[in-house]
Amino acid sequence: MSKIEREHTTTYGSRYFTKPVPKYEMPEEGMPARAAYQIIHDELNLDGNPSLNLASFVTTWMEPEADKLIMESIGKNYVDNDEYPQTEVIQNRVVNMLARLFNAPKEANSIGSGTIGSSESIMLGLLAHKWTWKKRREAEGKPTDKPNIVMGADVHTVWEKFALYFDVELKLIPLKKNVCKTTETEITKVMSSFSCISGLNEDIYTVSAEDIITQVDENTIAVGTVVGTTFTGQMDPIEEINTALLEIKETKGWDIPIHVDGASGGFILPFLYPDIKWDFRLEQVRSINVSGHKYGLVYPGVGWLIFKDRTDLPEELIFNINYLGGIMPNYSLNFSKGSSTIIAQYYNLIRLGMKGYKQIMENMQENAHYLASKLNGTKKFEVINKSITFPIVTAQLQNSEFSAFHLSEKLRQKGWIVPAYTLPANAEDVAVLRMVVKESFSKDMVEMLFNDIMDSIKKLEQSTEERIEYIDGKENPTLLY
Ligand SMILES: Cc1ncc(COP(=O)(O)O)c(C=O)c1O
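Because the structure is a prediction, the values reported are computed rather than measured. (Residues numbered from 1 in each chain as written. Predicted model: local features only at pLDDT ≥ 70, side-chain atom pairs only at ≥ 80, totals over all residues. Heavy atoms only, no water.)

**Q** Outline the overall build of the protein chain, listing residues and values.
**A** Scanning the protein chain for helices and strands turns up 14 helices and 17 strands. Across the 481 residues in the protein chain, those meeting the buried criterion constitute 53%. Nonlocal contacts in the protein chain, meaning residues at least 24 apart in sequence, comprise 70% of its contacts between residues at least 6 apart. Approximately 22,600 Å² of the protein chain is accessible, and the part contributed by carbon and sulfur atoms is 52%. (Helix = DSSP H or I, 4+ residues; strand = E, 2+ residues; numbered from the N terminus. Buried < 20%, exposed > 50% of the residue type's maximum accessible area, 1.4 Å probe, protein only. Contact = heavy atoms within 4.5 Å. Areas by Shrake-Rupley, 256 points an atom, 1.4 Å probe, with all protein chains shown as cover.)

Below you can see the structure in the form of structure tokens.
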């Protein structure tokens, strides 16, 4: 590494500092706060602009009052609930609100907790199911050495991580294209997915209930399902999977729970499609995760895990810690965590209410539809998730000599972050661009993005050289979540 790469060189004449500042070792002497701020501030200018980042589901804007509450609580450690008891009270209120939002039965004693995000929630949810399965097997005198988990390849990578980290066999079902046409008998397979109900001729890249059923067995700790897949923004047919698992419970005696990954869809479905059954109304759905920092409309750092009933979380997994004063029950992977995002979540829930969330979701949905219709109208794209159940637009290029990766790259030059990637096994031949429409993405922004897309396409079409350079060259880059 050259000296230039290793050090911040002097800038602004000698206004802030006169000697280079090392980047990879602690400087012997500190520097004035303003100088440190300026160095870091300038360097961060190289980051993308969050408002133009259509790759990420994560909230980039909150109201000033929420910002104020966040700053007021930024120094509070959530885990110190003895010192900050009100944060825990607030967290429990949020858990209650979400359990109700997900239609937990009145007679159930639902519990849950705030986490750092859906990844932690999913790990904790599945771990609880692993324990429940193990305890049941032990009670029956059966072996417990071969737990497995069944899900489609449309799941987020955190599910694969869980299987690896917690030593559970991963039964990942490759995707196949299920075309949703009401005239075909095949269609009954995916009938409960929204796009089929709406009668759209949509390619569905999720699993079917049949796929799941052929894979489960007595060692299956849980079936994983997703509402709002990371790849295409579609949803698994959870109602059908539930029906199939109920049949298995009756005929074979295997009580296999469903965990629903509602990272992005969990805050959408209750407001936009309250009649779609994907949640605790379904008997086998025992746990749900949702990202507060996605469509929960809070800045990064908050997720939620809700169990339908207390009995779904084995007591053995709850730690009672006493070294912060008082006895505190704890079910989490990490220890310290800021309180501010939990408070910000509560702020949104009471500030917006059901009506406010619904309006925001409808607005995002409308803007996503608008973007999809503009792209479709060009005949240069085929939108995959035609029904736009969630405000995400996933589109494939049509009859194009350049790739989705190439267009993504070109848009980046204009400041837009629109990721391109291929779908998981067995749909790797489909390369898509994904645009996540957030609250802050207005119709004006859709217009600006669309114009830049068309301009980029024009330039790509004109530029033979660029085409040759990129056509085969680009591997599937890391998908930004
Ligand atoms: C479907 C799905 N599950 C899980 C995750 C992980 O969520 P988090 O980033 O909140 O940990 C994501 C992230 O985008 C996701 O889309």
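**Q** So what's going on with the pattern of salt bridges? Which residues, and what values?
**A** Summed over the entire model, instances satisfying the criterion amount to 19 salt bridges. Of the charged contacts, one joins E63 and R351 as a salt bridge, the two residues approaching to 2.9 Å between their closest N and O atoms. With E63 in the loop between α2 (33–44) and α3 (64–73) and R351 in helix α11 (residues 340–377), this residue pair connects regions lying 288 residues apart in the sequence. In this structure R351 comes out as partly exposed when scored by relative accessible area, which is 46%. As a salt-bridge pair, R310 and E315 come within 3.2 Å of each other at their nearest N and O atoms. Three or more residues joined by partner-sharing salt bridges are found here, namely K414, D452, D455 and K459. (Salt bridge = Lys/Arg side-chain N within 4 Å of Asp/Glu carboxyl O.)

**Q** Explain the site of the ligand to me, and be specific about the residues and the numbers.
**A** Taken together, 15 residues are adjacent to the ligand, and S118, S119, D261, S291 and H293 come closest. Within the side chain of H293, an N or O atom sits 2.7 Å from an oxygen atom of the ligand. K294 is positioned with one of its side-chain polar atoms (N or O) 2.9 Å from an oxygen atom of the ligand. Taking 400 Å² as the accessible area of the ligand by itself, protein coverage stands at 91%. Of the residues forming the shell around the ligand, the biggest block, three residues, is contributed by helix α5 (residues 118–139). Taken together, the residues of the shell around the ligand sort by class into five nonpolar, eight polar and two charged. (Near = heavy atom within 4 Å. Polar contact = N/O pair within 3.5 Å; in protein donor to acceptor, adjacent residues only side chain to side chain. Nonpolar A, V, L, I, M, F, W, Y, C, P; charged D, E, K, R; others polar.)

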